[in-house]
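Architecture at a glance
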Amino acid sequence: MRRRADRVRALATLRESLHRGISGCLILFVAACASAPVATIDFDSRYDFSGVQAIALQPIDRTTAANVVIPDLQVERINAALSAELQRRGYRVVAPAAEADMLLAWHLVTDEHDDFTGFAFGNGLGCSSCGRQVGVDVSSARRHQRGSFIVDLLDPVQLRTVWRATLETDLDRDADAGESGADLRAVAREIFAQFPPA
């Protein structure tokens, strides 16, 4: 009877160690993957950005399927975050495009992906009269939406893009307005981090 109690305690200790080890690995994995997205910038190196003082946000194009599904409240939050960041950087955001030195247009391209993650660990514990094995397999599949947020700055006379920022990230469908506002402010900061180009 004592042997059995010793084996039960040994198995319980092993399970506890495995649980702590798996939890630690998952925490390290999540921490390693949680890095801030970085915007990719492209621009016309011949364009003179030094005279840009006023920027007009263009209305979102509601003729494309991707833009039709963005709720008006979210469009307003995105426009507010972009405007606030531009103003923070010393630019005036103007309503009539005729007063603008540059036009700003943005759009969101989304795609759904399946992520498969897995972790497995095995260990054996045995004695002369019995054998015990402990195995752990933690795997999951998760469907998430990936998005490319693209901001174009256009010359108002030539109506052509002279600067573009693209930020790719996972999209959180369940974010509340407070989280969404904070996330959008961070995205706007990253989008304009390299504007004007040096």
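Residues numbered from 1 in each chain as written. Predicted model: local features only at pLDDT ≥ 70, side-chain atom pairs only at ≥ 80, totals over all residues. Heavy atoms only, no water.

1. A closer look at the overall build of the protein chain
Each helix and strand counted, the protein chain has four helices and six strands in total. Reading the protein chain from its N end, one meets helices and strands in the order α-β-β-α-α-β-β-β-β-α. For the protein chain, buried positions account for 29% of its 198 residues. Long-range pairs, those at least 24 residues apart, make up 74% of the contacts in the protein chain between residues at least 6 apart in sequence. When the accessible surface of the protein chain is split by element, carbon and sulfur atoms take 54% of a total near 12,900 Å². (Helix = DSSP H or I, 4+ residues; strand = E, 2+ residues; numbered from the N terminus. Buried < 20%, exposed > 50% of the residue type's maximum accessible area, 1.4 Å probe, protein only. Contact = heavy atoms within 4.5 Å. Areas by Shrake-Rupley, 256 points an atom, 1.4 Å probe, with all protein chains shown as cover.)

2. Points about the pairing of strand β2 (residues 54–57)
The alternating pattern of β2 places Ala54 and Ala56 and Ile55 and Leu57 on opposite faces, both of which are buried. In the sheet, β2 pairs with strand β3 (residues 92–93) via two bridges, with the strands oriented parallel. Among the inter-strand pairings, alanine 54 is bridged to a residue of β3, identified as arginine 92. (Pairing = 2+ DSSP bridges.)

3. Examining the environment of alanine 39
With respect to the element layout, alanine 39 can be found in the loop between α1 (2–33) and β1 (40–43). When the C-alpha atoms of alanine 39 and threonine 166 are compared, they prove to be 5.3 Å apart, with 127 residues separating the residues in sequence. Excluding its chain neighbours within four sequence positions, the residues that come into contact with alanine 39 are Thr166, Leu167, Glu190, Ile191 and Gln194.

4. Some words on the environment of glycine 181
Within the secondary structure layout, glycine 181 lies in helix α4 (residues 177–191). On the basis of relative accessibility, which here comes to 15%, the residue glycine 181 falls in the buried class. Along the chain, glycine 181 and arginine 77 lie 104 residues apart, while their C-alpha atoms are 6.7 Å from each other.

5. A word on the nonpolar core
In terms of nonpolar packing, the biggest core is built from 30 residues, with Leu104 and Trp106 touching the most fellow members. Looking at this core, the elements with two or more residues in it are β2, α3 (72–88), β4 (102–126), β5 (131–155), β6 (160–171) and α4. Per element, the largest residue contribution to this core is five residues, and it comes from α3. Not counting residues within four places of it along the chain, the set of residues in contact with leucine 104 comprises Ile55, Ala56, Leu57, Gln58, Leu82, Leu86, Val151, Asp152, Leu153 and Phe192. Ala54, Val94, Leu103 and Leu154 belong to the second largest nonpolar core, which has six residues in total. (Core = buried A, V, L, I, M, F, W, Y, C linked by side-chain atoms within 4.5 Å.)

6. As for the packing of aromatic side chains
Here the structure, examined in full by the defined rule, presents eight aromatic pairs. The interplanar angle of 10° and the centroid separation of 5.9 Å between the aromatic rings of tryptophan 163 and phenylalanine 192 together place this pair among those described as stacked. A residue pair is termed long-range when its members are at least 10 positions apart, and tryptophan 163 in strand β6 and phenylalanine 192 in the segment after α4 qualify at 29 residues. For the residue pair tryptophan 163 and phenylalanine 192, the accessibility class agrees, reading buried in each case. Taken together, a centroid distance of 6.4 Å and an interplanar angle of 65° make the contact between phenylalanine 192 and phenylalanine 195 edge-to-face. The burial state of phenylalanine 192 is the same as that of phenylalanine 195; both residues are buried. Members of the aromatic cluster, each reached through a chain of ring pairs, are Phe43, Tyr47, Phe49, Tyr91, Trp163, Phe192 and Phe195. (Phe/Tyr/Trp six-rings, centres within 6.5 Å; stacked < 30°, edge-to-face > 60°.)

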